[in-house]
Each structure stands twice: as C-alpha cells, then as structure tokens.
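In case you want the letters, here they are:
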Amino acid sequence: MISLPLLTVITDFDCLKHDTGGGGHPEVPARLEVILKCLEESPLLPHLKFVASRLARRASLLLAHEEDWLFRFEEAVLFGKSHIDHLDNQIGYHTYQVAALAAGAGLKGIDLLEAGDARQIFCVIRPPGHHAEKGKPFGFCFYNNVLIAARYWQEKYGRRRVAVIDFDAHHGNGIQAGLERDPKSLYISIHEHPSFSYPGTGFAEEIGTGLGKGTILNLPLSPGAGDDQFLAVMRERVEPFLEEWRPDCLLVAAGFDGHRADDMSGLGYSTALFYQIGKQVSSWGKRFAGGRVVSILEGGYELSVLGESVEQYVAGLLACELDI
Ligand SMILES: [Zn+2]
C-alpha cells in the first residue's frame, strides 16, 4: 500500500493573478508567496504534498450563491471595472476565473479525502471567502469558499453534519448567513468583538434561526485578547459543543489576522498560538469527525508573520503523527 502524505496542500499559482490594484489594498498576491515560500523551506516539507486546485463548477457555486451574482460578477470583470459595490472588493481581468479556482480547492480536497487519497487537507488560496454573501461580494471576498465546500460535502457525500470552525479575527457573516437555518450544520466562530471590529456581526446572541436555532456558536473576544483567552474558549466552549453535536466532518476557516502584528484586528495572538489551534483542530477531527478535516485559508495580511503563522498551524495539524 502506498503511504499517503500527512497533509495535502491544495494551491494554484493562478491565484496570484487576482489583482487588487495596488494602492495599499492588503489582500495581495504576496500573501500566498510568503506562505508557499515558508512551507517549501520548512522541515515539514517531506510530509506535504502540493496539488493544484480545480475550477469550481457553476452548479457548485450555486450551492451558496444566487445566479444573479455570478452574472453580475462576470459582467463587472468583462467591462473592466476596478471594483464591485465597494472599494474593498477590487477586481482585475483574471478575478472571475481565480475566484472559481479558490472555491474549487475545497471541493478537490473533499473529493481526495472521500476517495481515501489524502489524510488532511489545507487549501492555500485567495481571494478569501467568509464575508461573501449569497448575492454580493463583501470584505475582499467574492465566493464563499468554505460555505460552498460545506454544501458540497453535504450534497455529494451525504455528510449532513458539517461543522465549520472559523478562527479568522473577523466574524464570517457569509458563512453564518448560509448555515443559520440548517439544523444539521454548525458554525463556530472566535473573533474580535463586533462592537469594535468588521463586519459588525457575530454577537454571542446570534445562535441561529428557525430549525437552525442553537447551531451557531459565536465567541467574541475583547480587543487585546491573546492566546490564553483564545485557548480558554476553545477548551471551555468549543470542545463541549462538538462533543455534543458529533459532526461528520470539519471545515476550518483559517484566518491569521488575529496575530498581534497584524493591524487588521486588535487581537493579540502570538505566532505559536496557531500551532495550538492546528493541533486542537486535528485532534477534534479524529475524535469527533472521522478524521475528515479540510482547512481553507481566509485572512492574514501582515506579510512579516503570515508565512511563519501558517507554518505553525501546519505543524499543529501534523503534531499527533510526528510527535512534535
Ligand atoms: Zn479577517
């Protein structure tokens, strides 16, 4: 039997082609470059396998988005517009294609896991996705990569009980909006308190609606919160929630902008925290979700710490196997 690499990293050099126009926009191609360079130079490299992404099909995009938005997006790119709806959502000639490539990474990862051709998946892609709404872009995001993956896992493989864990510094309003009525899926987000932070959603009182009531767990942290506060909510709130719900699979919205050096949030995480998060997520995957874990990159904008933060997260994902 051929032994599988411990982690399959799904990425694509074409993700560098999404041009946010310069002018100080923080969501730049160099984000991916620093991450990939760090992983390629890492002692973890022998345990990683790099695989190219694939374009998400239209039918998959429509699991989370309205067709009107797909047309509007394509039209804006074809007309050579510089942004859609807000200056945050900068677009270039390749953006429509690249966004489908970013959304396709999670789907490819799920297919590999379900076929027994991978053990754990990490998608290193851009643009990010967790702010994108059903019918519009939001906060650098065009397609909701994690939400599309969640729906795909449910639809194609019948894994109805999908749990999403989002540790980006910002609340994933788009994921919550997509899942909050679903009684079988969970959305758990640890983020800077919405009174102080973009996008202004993610209060603890938002717990889901209708049949989905009780499936959303928002855990806002005060500005300045660091590793201890983060780890305490993981231990005291997230673990019991997962234990109670026993999901079929885990999706992770992996954002690194809570780092103390990243000025996109007021949170104060250390680089080493991301190792702890990776280790915890991987062990929960084994305990509660049959080992099925797919992580998808969201934010993280401070280039001087982003590569190392992601490397720490990857080390955490591999910690149980490598005894590190
Ligand atoms: Zn963020």
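Rules used throughout
Residues numbered from 1 in each chain as written. Predicted model: local features only at pLDDT ≥ 70, side-chain atom pairs only at ≥ 80, totals over all residues. Heavy atoms only, no water. Buried < 20%, exposed > 50% of the residue type's maximum accessible area, 1.4 Å probe, protein only. Helix = DSSP H or I, 4+ residues; strand = E, 2+ residues; numbered from the N terminus. Pairing = 2+ DSSP bridges. Core = buried A, V, L, I, M, F, W, Y, C linked by side-chain atoms within 4.5 Å. Salt bridge = Lys/Arg side-chain N within 4 Å of Asp/Glu carboxyl O. Donors = N, O, S within 2.8 Å, 3.2 Å for Na, K, Ca; no water.

Here we take up the pairing of strand β5 (residues 121-124). The side-chain alternation of β5 yields two buried faces, one formed by I121 and C123 and the other by F122 and V124. As judged from the four bridges shared by strand β1 (residues 7-11) and β5, these two strands associate in the parallel manner. The residue of β5 that forms the bridge with I10 is C123. Two elements, β5 and strand β10 (residues 293-297), share three bridges in a ladder whose sense is parallel.

We now examine the nonpolar core. Taken as a class, soluble globular proteins show a tendency for nonpolar side chains to be buried jointly. Ranked by size, the top nonpolar core spans 101 residues in total, and within it F73, Y143, L242, L251, F256 and Y313 carry the most contacts. Of the residues forming this core, the biggest block, 11 residues, is contributed by helix α4 (residues 95-114).

Turning our attention to the pattern of salt bridges. Pairing is possible between side chains of opposite charge, provided their charged atoms come close. Throughout the structure, instances matching the rule amount to 17 salt bridges. The salt bridge involving E67 is made with R58; its shortest N-O contact spans 3.2 Å. E155 serves as the salt-bridge partner of R160, at 3.8 Å between the closest nitrogen and oxygen. For R160, a relative accessible area of 35% corresponds to the partly exposed category. Salt bridges sharing common partners tie together E239, E243, R246 and R287.

Our focus in this paragraph is the coordination of the zinc ion. Protein coordination at the zinc ion: the donors are D168 (OD), H170 (ND1) and D257 (OD), at 2.0 to 2.1 Å from the metal. Spacing between the donor residues of the zinc ion along the chain follows D-x1-H-x86-D. The buried category is assigned to D168, whose relative accessible area is 1%.

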